[in-house]
Each structure stands twice: as C-alpha cells, then as structure tokens.
Amino acid sequence: MKKTTEYNPIADAFPQDPGAAAPIQNVALLKACSEQNFLLLDASFKIVTFSRSFRQFWINFATDICEGDFFFAGVPAQWLVTFEGCLLNALSGSKTELEIEVAFPDQSIRNLLFRFEPRCDEHKGVTGVSVFLTDITESAQLKVKKTEEKYRMLIEQAFDSIIIYSGEGTILDFNESACASMEYSKKEFRQISIYDLFFPEDIVENPLEITTMKPGQSITDYRVLRRKNGSSVEMEITNKLLPDGTFMAIARDITEWKESEQEKEFDSNNLKALINNTSDLMWSVDRDLHLITFNKAFEEMMKQVMAKPLKTGSNIFAIGFDEEKLGRWTEFYHRALSGESFTETEFISSPVHTWSEISFYPILSEDKIVGTACYSRNITETRKATQLLQKAYSENSAILESITDGFLTVDKIWVVNYWNKEAESIMGVPRESIIGKNIWEVFPVAVGLNFIQKLIERWLNKFRSVLKNFLLRSTFGSM
C-alpha cells in the first residue's frame, strides 16, 4: 500500500543541520509553494509531493494521488489531452492556465483554475512542474451574473423584438420591443404562445421550420404577424436554435423599409421610362471610356451605326471615328473626366445636315471622378428656325431703319429690344445705351405722365399685331 505524504515546505526547504545553508532551489520552492493548493511533479510527470488542500479538491473529481505516482494515471479521461498539453508547455518553460468546470459529489458545480509553472534549478534548467489550484467558483458566478446582466441590458435596449421560446411555442423570455411592437403588456405577453402572434391560415400554409434546425443554425424568414388588436405588421424574423434546446427569434418591423423600397422601385421605373421614351441620346462612360449605361435612343442609334447590339463595357470608340473626330471627342471626354461640365455643338453634313447639342457632366463617387454622363439632343430644327429669323431680321432691319419717325419696340415688361436711328436722333440716346433696359428707368421723368403710358400701350397693342403680320409675311411668304 502506498503512503500518502503531505508536503512540509519549511522542513524541505531548510535542512535540520543549523550549520548547513539552504539550497537556492529549495528557497525558490518554498516561495513558489506559499499558496495552499499545490502539486509538484518531476520532469517525467511523477508526483513529488502535494498539499492536503490540493488532494481534498482533486479526489472530488479524480482518483486519489500518492507520491511517486504517474500523474496522468489519475487524470479523468475527458481532460487527459488538455492537461498533457499544459504540462508539456510548462516543461518547455512556459506558464499556462486552465479553467475547468467540475461536478462535486455534493451535486455542486465548481469552477477550478489550474496554473502550470516550470520548476528550475540554480542553473535555470527545468526540473519539473508546479501545479497550483484555485477555486474560482464565486468569481466565475459573479462573472456569469455580470454577463447575464449585460446580456439583459442589451436585450432590453435592442430596437428589434427578441423572444426566447420553447419548441412547443411557450414564450420564456422577451424584451420591451417585442411587447410594444405587438401591442401587448408584459403580463399579457407572458400568457400567450408564440403561435398567437401568427395568423392561423399563415401557419397552416407556411409552418415554422424549427423542428429540423440544428444547434447554432439560423433561419431568416419574412412573415406577416398579428398584433393584439388583429392588425398586421410585416416582419423580418431570424430564428436560431440555442445550445439548451430553446429558440431565439429576432424580429424587425420592415413596413417602412418595404415602403421605401417600393418608392425606390417606382422612382427607378419612372426614371427609366422617362429616359427610354425620349429621342435624346443619353449615355455614360468610365475613366477607361467603357460604356456604363445608355438609354434606348442611344442603343438604337449605335445599332444602326455598328450593325450589331451594343453592350455595357464596350469601348465608346468601338464604332470607329475618323482621325479628326476621334481626336475631338477624346478631348471632350478628357475634359469631363478632369472635372469640367460643358456643352458643345456638333454639325454632321452626311447623310443630312444635322446639328446636335452635346453636354458632358463628371460623375463623382466619394469626391472622386469615376466617369462622365453625356447628353445629346438634336437641335437641327431649332438651328434652322434661328437662321430663318436671322435672315428675316437682316432683310427687315433695313426697312425699319429707313422709317423717318422714331421707332422702338419693347416687351411686356417694358424692356427695349429695338431702337432705330431716328429714335436715337430724336431722344438723344444711342441704341447701345437703351436696348435691354427698362424704358421707364431710362426716362424716369415720364413715369408719372399717364397720357404717355396710355398712348404707348394702345400704340404697342396695335403695332404688335401689325408687326407680327408683317414679319410672318416677310419670313414665310418668301419660302
């Protein structure tokens, strides 16, 4: 029968001979073993000695120990590999800690902390391992309590609804948001089942898929839930199976989100309809001059030019330009990619005379230019009308200048837009000093003369009609 010897650090550290000096390693050992619960092992993991308190803890969950025993012979199988790793680390010179939870014979659950430290001789060579044991149950419980309090605080402060429930649907725990979103009081919420939050027909058609879930698995679903008053609310629900077999549901009201998404979809479809139902050309390119997007009018035009469908990512110059046009358009794109917004007019003589007004706008992303948006509209008809008007004005200005009376025209807010030479002579005001200005600002003394204003108003009404007919005959009568 093996003898169990309890360690006496004082007797071992200091020899009985008062004249003998205590070895350095023994002094270090005494210092190291000042803690109550300890075990000393040699380099082969055989037990050298241990304290009474260590043994009292150890035999509650492992086999009894004796000096000279191989330590691993008494370690429970479930911790054998873990203890071996800790001891090997200590034997290599490293300190290691291990926290385990064990069940004692009195049915209590204890949290034990093991510290493994290398034992060294006077040459700092490792000769064994010191194992220290501390009961940290109270601190562990306090830690758990604090964790639970923190968890509860986070649950209560969460904007989302959180419910813990059993596999049968019994509500075990919940937060304030869950009650508020479903319009129940806390007392009422404790008395209902998780299935009371669903419409019966929905559960029949779409049962909860919780029976097939595995621990740690999450399933996200979109459901219409029933409030206490019978009204509905759309929720995004994530169910998770917890380690203890209960379920946690995190639900978020997505009513506003769905409305926002529907508005975005409507705006997007509306914008696409506007863009694709105009004859104007719209397209955009990135910094490498590859197409980002384009509207239907641009696609049809390019299809006619290229004789094949256009694709996003194609080089904008894939259609082929002559050298002069290629250089000009390359400069346009580079100006826009440098941050300039501008508009240019392009004239094409073949197959028909066509004028286009083309605008370039830099595209910004996080204050960086990533491309340019382009807009082109056909201004041929506008250009032709302008030329006709310029021709009519050129032809009719000679007639107006030949009138021997002073002649002027104003718009409806009394801004002068024509002033002939005779008017210059009579009024002593050169045309460059009055055209574009309000006539009453130029002649303020006449503001209060009602008969002048009435005379001019009647004259203008009559003259506008005559002049309009005259210009129409002159412009379109010669065509």
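Residues numbered from 1 in each chain as written. Predicted model: local features only at pLDDT ≥ 70, side-chain atom pairs only at ≥ 80, totals over all residues. Heavy atoms only, no water.

### Quick look at the sheet that holds strand β6 (residues 161-165)
Then, in step 1: Read across the open sheet, the 5 strands follow the order β7-β6-β10-β9-β8; overall the sheet is antiparallel. At either end of the open sheet lies a strand with only one pairing partner, and these are β7 (171-174) and β8 (218-226). The mean inter-strand angle of the sheet, taken between neighbouring strand axes irrespective of direction, is 30°.
Then, in step 2: Direction of pairing for strand β9 (residues 232-241) relative to strand β10 (residues 247-253): antiparallel, over a ladder of 7 bridges. Looking at β10, one finds that L241 is bridged to F247. (Pairing = 2+ DSSP bridges. Helix = DSSP H or I, 4+ residues; strand = E, 2+ residues; numbered from the N terminus. Axes fitted to C-alpha atoms, helices over the stretch in contact; angles between N-to-C directions.)

### Topic: the environment of D69
Then, in step 1: For D69, the location among the structural elements is in the loop between α3 (52-58) and α4 (80-91).
Then, in step 2: Relative accessible area serves as the criterion here: at 16%, D69 is assigned to the buried category.
Then, in step 3: With 28 residues separating them along the chain, D69 and L41 place their C-alpha atoms 9.6 Å apart. (Buried < 20%, exposed > 50% of the residue type's maximum accessible area, 1.4 Å probe, protein only.)

### Details of empty space enclosed by the protein
Then, in step 1: Under the defined criterion, the tally for this structure stands at 1 cavity of 30 Å³ or more.
Then, in step 2: Taken as a whole, the largest cavity spans an internal volume of roughly 180 Å³.
Then, in step 3: Lining the largest cavity are 19 residues, and of these I163, I194, L225, I237 and A249 sit closest to its centre.
Then, in step 4: Secondary structure elements with two or more residues in the lining of the largest cavity: β6, α6 (176-182), β8, β9 and β10.
Then, in step 5: Residue classes in the lining of the largest cavity are distributed as 14 nonpolar, 3 polar and 2 charged. (1 Å grid on protein atoms, 1.4 Å probe; cavity = no way out; pocket = protein on both sides within 12 Å on 5 of 7 lines; lining within 4 Å. Points joined across faces, edges and corners; volume = space filled by probe spheres on them. Nonpolar A, V, L, I, M, F, W, Y, C, P; charged D, E, K, R; others polar.)

### Notes on helix α11 (residues 323-337)
Then, in step 1: Helix length check: α11 (15 residues) gives 21 Å between terminal C-alpha atoms against 21 Å at 1.5 Å per residue, within 8%.
Then, in step 2: Within α11, burial applies to W329, F332, Y333, A336 and L337. For α11, the arc enclosing every buried residue in end-on projection is 130°, short of the 170-degree limit, so these residues lie on one face. Opposite its buried face, α11 presents the exposed residues E323 and E324, each directed more than 90 degrees away.
Then, in step 3: For α11, the elements touching its buried residues are β11 (281-286), β13 (342-348), β14 (354-365) and β15 (368-378).
Then, in step 4: Directly beyond the C-terminal end of α11, a positive phi value near 110° is found at G339. (Expected span 1.5 Å × (residues − 1). Arc of directions from axis to C-beta. Contact = heavy atoms within 4.5 Å.)

### Overview of the pairing of β9
Then, in step 1: Burial of the side chains of β9 is restricted to one face: V233, M235, I237, N239 and L241 are buried, whereas none of S232, E234, E236, T238 and K240 on the reverse face is.
Then, in step 2: Pairing between β8 and β9: 9 bridges, direction antiparallel. In the sheet register, S218 faces β9, and the bridge partner there is K240.
Then, in step 3: Here β8 folds back onto β9, and the loop between the two strands holds 5 residues, one of which, G230, carries a positive phi near 95°.
Then, in step 4: The antiparallel pairing of β9 with β10 creates a hairpin that spans 5 residues between the two strands, and G245 there sits at a positive phi of about 90°.

### With respect to the nonpolar core
Then, in step 1: Residues W58, F71, F83, F114 and F116 are the most contacted members of the largest nonpolar core, which totals 29 residues.
Then, in step 2: Among the elements of the structure, β1 (38-42), β2 (47-50), α3, α4, β3 (96-103), β4 (109-120) and β5 (126-135) are those that each provide at least two residues to this core.
Then, in step 3: The greatest single-element share of this core, amounting to 4 residues, is contributed by α4.
Then, in step 4: The contacts of F116, once residues within four sequence positions are left out, are F83, C86, L87, A90, S94, K95, T96, L98, V129, S130 and V131.
Then, in step 5: Within the second largest apolar cluster, 25 residues are counted, among which are M182, L208, I210 and M235. (Core = buried A, V, L, I, M, F, W, Y, C linked by side-chain atoms within 4.5 Å.)

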